[in-house]
Amino acid sequence: ALCEGEPASLCGCVGNTFTAAVEPEIPVIRSIREYMLSLGALASCMTGSGPTVFGLYEDAETLRRAACAIRRASCADQLSDVIETAFAGEAALSS
């Protein structure tokens, strides 16, 4: 899907069954996931057993805007780091 430039087709594959157990104990995880979605993420999910949360974005500009907004957000003090990673389709795979 990424090689074909269709990241949205991955959204149905994004999930973590452990999220339901962790979010009631650490509600900021849900807040961050929902905030990422409101900022244009195609999908947002907690990784592993937490507390890392990622968002899948359609393009680098949407990702950059979201990363800037997350850094300025009221929940930013609960984030240890906001990492921007832009995926440039096939060009990124060929390098």
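Residues numbered from 1 in each chain as written. Predicted model: local features only at pLDDT ≥ 70, side-chain atom pairs only at ≥ 80, totals over all residues. Heavy atoms only, no water.

Caption draft 1: How the structure looks around the overall build of the chain. What the chain contains, in helices and strands, is 4 helices and 2 strands. For the chain, the succession of helices and strands along the chain, N to C, is α-α-β-β-α-α. Put simply, of all contacts in the chain between residues at least 6 apart along the chain, 41% involve residues at least 24 apart. For the chain, the exposed area adds up to about 6000 Å²; of that, 54% sits on carbon and sulfur atoms. (Helix = DSSP H or I, 4+ residues; strand = E, 2+ residues; numbered from the N terminus. Contact = heavy atoms within 4.5 Å. Areas by Shrake-Rupley, 256 points an atom, 1.4 Å probe, with all protein chains shown as cover.)

Caption draft 2: Summary view of the side chain of S44. Checked against the element boundaries, S44 lands in strand β1 (residues 43–46). Within the local environment of S44, its side chain forms a polar contact with the backbone oxygen of F54, the two atoms lying 3.1 Å apart. (Polar contact = N/O pair within 3.5 Å; in protein donor to acceptor, adjacent residues only side chain to side chain.)

Caption draft 3: Highlighting the side chain of E23. Looking at the element boundaries, E23 is found in the loop between α1 (19–22) and α2 (28–38). A relative accessible area of 6% means that E23 is categorised as buried. With residues up to four places along the chain from it excluded, the contact list for E23 reads I29, R30 and R33. (Buried < 20%, exposed > 50% of the residue type's maximum accessible area, 1.4 Å probe, protein only.)

Caption draft 4: Expanded view of the pattern of salt bridges. Taken as a whole, this structure holds 4 salt bridges when the rule is applied. Here E23 and R30 are joined by a salt bridge, their closest N and O atoms 3.1 Å apart. Judged by relative accessible area, which is 43%, R30 ranks as partly exposed. Put simply, R30 and E34 hold a salt bridge, and the shortest N to O gap is 3.9 Å. Here the residue R30 and the residue E34 both occupy positions in helix α2, the gap between them amounting to 4 residues, near one helical turn. Because the salt bridges share partners, they merge into one network encompassing E23, R30, R33 and E34. (Salt bridge = Lys/Arg side-chain N within 4 Å of Asp/Glu carboxyl O.)

Caption draft 5: Local environment of the nonpolar core. With 11 residues, the main nonpolar core is built from V22, I29, I32, M36, A41, M46, V53, Y57, L63, A66 and I70. For this core, the elements supplying multiple residues, two or more each, are α2 and α3 (60–72). (Core = buried A, V, L, I, M, F, W, Y, C linked by side-chain atoms within 4.5 Å.)

Caption draft 6: Layout of the pairing of β1. Taking every second residue as pointing to the same face, both faces of β1 are buried, with A43 and C45 on one and S44 and M46 on the other. Judged from the 4 bridges that link them, β1 and strand β2 (residues 53–56) form a sheet pairing that is antiparallel. The partner of S44 across the bridge, within β2, is G55. (Pairing = 2+ DSSP bridges.)

Caption draft 7: Up close: α2. By the burial criterion, the buried members of α2 are I29, I32, R33 and M36. Projected onto a plane normal to the axis of α2, the buried residues spread over an arc of 100° and lie on a single side. Looking at the buried positions of α2, the neighbouring elements they touch are α1, β1, β2 and α3. (Arc of directions from axis to C-beta.)

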